Amino acid sequence: MAAGRVHSIGEIGLQQFAPYLMNRIMGRYNATIGEGLRERGVTTAQLRALAVLAVADGLTLNELAVYSVLEQSTMSRTIDAMEAQGLVRRMQHKTDSRVRQVFLLPEGRELFEAVWPEMWRAFSTMFTGVSDTEYATFVSVLNRMLHNIRKHDF
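Attention here is on the structure that accompanies the text. (Residues numbered from 1 in each chain as written. Predicted model: local features only at pLDDT ≥ 70, side-chain atom pairs only at ≥ 80, totals over all residues. Heavy atoms only, no water.)

Turning our eyes to something else, we now look at the overall build of the protein. A tally of helices and strands in the protein yields seven helices and three strands. Every one of the 154 residues in the protein was classed for burial, and the buried ones make up 26%. Considering only intrachain contacts with a sequence separation of at least 6, the fraction spanning at least 24 residues in the protein is 47%. Surface accessibility of the protein: about 10,700 Å² in total, with carbon and sulfur atoms responsible for 56%. Each charge class in the protein can be summarised by its mean position, and for the 17 positive and 16 negative side chains these summaries are 4 Å apart. (Helix = DSSP H or I, 4+ residues; strand = E, 2+ residues; numbered from the N terminus. Buried < 20%, exposed > 50% of the residue type's maximum accessible area, 1.4 Å probe, protein only. Contact = heavy atoms within 4.5 Å. Areas by Shrake-Rupley, 256 points an atom, 1.4 Å probe, with all protein chains shown as cover. Lys, Arg positive; Asp, Glu negative; His and termini not counted. Charge placed at Lys NZ, Arg CZ, Asp CG, Glu CD.)

Taken in spatial order, the three strands of this open sheet run β1-β3-β2, and their pairing is antiparallel. Taken across any chain shown, the strands that pair with only one partner, and hence form the sheet edges, are β1 (59-60) and β2 (88-92). Pairing of β2 with strand β3 (residues 100-104) involves five bridges; the strand directions are antiparallel. Note that in β3 the partner of Q92 across the bridge is R100. Along the sheet face, helix α3 (residues 44-55) touches β1, β2 and β3 and points at about 90° away from the line of β3. (Pairing = 2+ DSSP bridges. Axes fitted to C-alpha atoms, helices over the stretch in contact; angles between N-to-C directions.)

A few words now on the environment of R38. Inspection of the secondary structure assignment puts R38 in helix α2 (residues 18-40). Remark: the alpha-carbon pair of R38 and R24, spanning 14 residues in sequence, is separated by 21 Å.

For the rest of this paragraph, the subject is the environment of R109. Relative to the assigned elements, R109 resides in helix α6 (residues 106-126). Discounting chain neighbours no more than four positions away, the residues touching R109 are L53, A54, D57 and L104.

Before going further, it helps to examine the side chain of Q46. Position of Q46 relative to the elements: it lies in helix α3. Of note is the side chain of Q46, whose polar atom sits 3.0 Å from the backbone nitrogen of T43. Side-chain polar atoms of Q46 contact the side chain of Q85, separated by 3.0 Å. Excluding residues that lie within four positions of it along the chain, Q46 makes contacts with G41, T78, A81, M82 and Q85. (Polar contact = N/O pair within 3.5 Å; in protein donor to acceptor, adjacent residues only side chain to side chain.)

This brings us to the nonpolar core. Ranked by internal contacts, the top residues of the largest apolar core, which has 28 residues, are L47, L64, M75, I79 and V88. Where this core is concerned, the elements lending two or more residues are α2, α3, α4 (61-68), α5 (72-84), β3 and α6. Per-element accounting of this core gives the leading share, seven residues, to α3. Apart from residues lying up to four places away in sequence, L64 is in contact with A49, V52, L53, L59, M75, I79 and V102. (Core = buried A, V, L, I, M, F, W, Y, C linked by side-chain atoms within 4.5 Å.)

Laid out in structure tokens, this is it:
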């Protein structure tokens, strides 16, 4: 899809407008896993932080906010709550005393591992009937799109 004449949403149609489809898919995904999260007293923001830290522990608050797709103020409040619950710990960076890193504690990892099967089921349902090749192409296109619009180097 090349830049050029501005098309109306009526010309494109909702079912052909990728941002609409992405929002609708993620809304359904979040609602599906949200049901299990509420039972455990976990918010979507907390789950995002847990998931990111399970893969990349020791991020700064800003990095964690970017990867979790949350405003920094929301992430800060989320980490405050998670720290109070004993799920994460903030520690001073080894070489830069101005920087604090966030680390997942065993209780946080255990909580993430408890909700991961629900996330996996929702993910699997979403990609039912999608071949490995189609999935690889889809992820490649998403990464290219992210590269086109991102504001950070990560």
